[in-house]
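Descriptive analysis of the structure
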Amino acid sequence: MNLRNRVLIEGTLATNSALRTTPAGIEMIEGQIIHLSSQEELGSTRKVEFEINFLAMGTIAQAISRLPQNTQLKCKGFLAAKNQRARNILVLHIDAFELLN
C-alpha cells in the first residue's frame, strides 16, 4: 500500500526542544510551528490559524536546533500519529525545510 501523505506548510518556529539522541543513536528534535494564512473556500476568504507539533531527525534536526525562535520556515514532510495510544494527535515529521526570512 503506497498512499500519499505529503505536507507543505509555511509558518513560524514557535518552540523547539533541545537536540537529543534516540536509543538508536539518531539525533532528533521536537517543537511547534505556528501557521497563519488566508485561504479561499467556496468563494469566501477564511482566516486559518493553528499550531502544529513537529519532529525532525538526523541532519534536519541538527539544522533546526540552530535556528532562533520566530524563524519563518517552509516545511515539507508527512503526518503521523503521536503514538499508538494518541492516534488522533498528529505530528508533522519534517524531512526538508527552507528559510523564508
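Heads up: the structure comes first, above all this text.
Residues numbered from 1 in each chain as written. Predicted model: local features only at pLDDT ≥ 70, side-chain atom pairs only at ≥ 80, totals over all residues. Heavy atoms only, no water.

1. Points about the overall build of the protein chain
Secondary structure assignment for the protein chain yields one helix and six strands. Helices and strands in the protein chain line up, N terminus first, as β-β-β-β-α-β-β. Across the protein chain, the fraction of contacts at a sequence separation of at least 24, relative to all contacts at a separation of at least 6, is 55%. Total accessible area computed for the protein chain in this model is approximately 7000 Å², and 51% of it derives from carbon and sulfur atoms. In the protein chain, 11 positive and 9 negative side-chain charges are present, and the distance between their average locations comes to 7 Å. (Helix = DSSP H or I, 4+ residues; strand = E, 2+ residues; numbered from the N terminus. Contact = heavy atoms within 4.5 Å. Areas by Shrake-Rupley, 256 points an atom, 1.4 Å probe, with all protein chains shown as cover. Lys, Arg positive; Asp, Glu negative; His and termini not counted. Charge placed at Lys NZ, Arg CZ, Asp CG, Glu CD.)

2. What about the nonpolar core?
Residues Phe54, Ala56, Ile64, Cys75, Leu92 and Ile94 are the most contacted members of the largest nonpolar core, which totals 15 residues. Counting only elements with at least two residues in this core, the list comes to strand S1 (7–16), strand S3 (27–41), strand S4 (44–57), helix H1 (58–65), strand S5 (72–81) and strand S6 (90–99). When residues no more than four places from it in sequence are discounted, the contact partners of Ile94 are Ile33, Phe54, Leu55, Ala56, Ile60, Ile64, Cys75, Lys76 and Gly77. (Core = buried A, V, L, I, M, F, W, Y, C linked by side-chain atoms within 4.5 Å. Buried < 20%, exposed > 50% of the residue type's maximum accessible area, 1.4 Å probe, protein only.)

3. Considerations on unusual backbone geometry
Phi is positive for Leu42, which is not a glycine, with a value near 55 degrees. Tracing the backbone shows Leu42 in the loop between S3 and S4. Leu42 sits in the exposed class, given a relative accessible area of 88%. You will see that Asn70, though not glycine, has its phi angle at about 75 degrees, which is positive. Among the secondary structure elements, Asn70 is positioned in the loop between H1 and S5.

4. Here's the deal with the pattern of salt bridges
Per the counting criterion, the structure on display carries four salt bridges. Across the salt bridge formed by Arg6 and Asp95, the nearest N and O atoms sit 2.9 Å from each other. Taken together, the positions of Arg6 in the segment before S1 and Asp95 in strand S6 put the pair 89 residues apart, joining distant regions of the chain. With a shortest N-O distance of 3.1 Å, Glu30 and Arg20 are connected by a salt bridge. (Salt bridge = Lys/Arg side-chain N within 4 Å of Asp/Glu carboxyl O.)

5. Here's the deal with H1
Three or more residues of H1 are buried, namely Ile60, Ala61 and Ile64. Down the axis of H1, the buried side of the element spans an arc of 100 degrees, and every buried residue falls inside it. Buried residues belonging to H1 abut S1, S3, S4 and S6. (Arc of directions from axis to C-beta.)

6. Examining the pairing of S4
Summarising the sheet, S3 and S4 pair through 14 bridges and their orientation is antiparallel. Each bridged residue has a counterpart across the sheet, and for Glu40 the counterpart in S4 is Thr45. Connecting S3 to the next strand, S4, in antiparallel fashion are two residues, including Leu42 with a positive phi near 55 degrees. Relative to S6, S4 is paired through three bridges, and the arrangement is parallel. By the bridge assignment for S6, Leu55 is matched with His93. (Pairing = 2+ DSSP bridges.)

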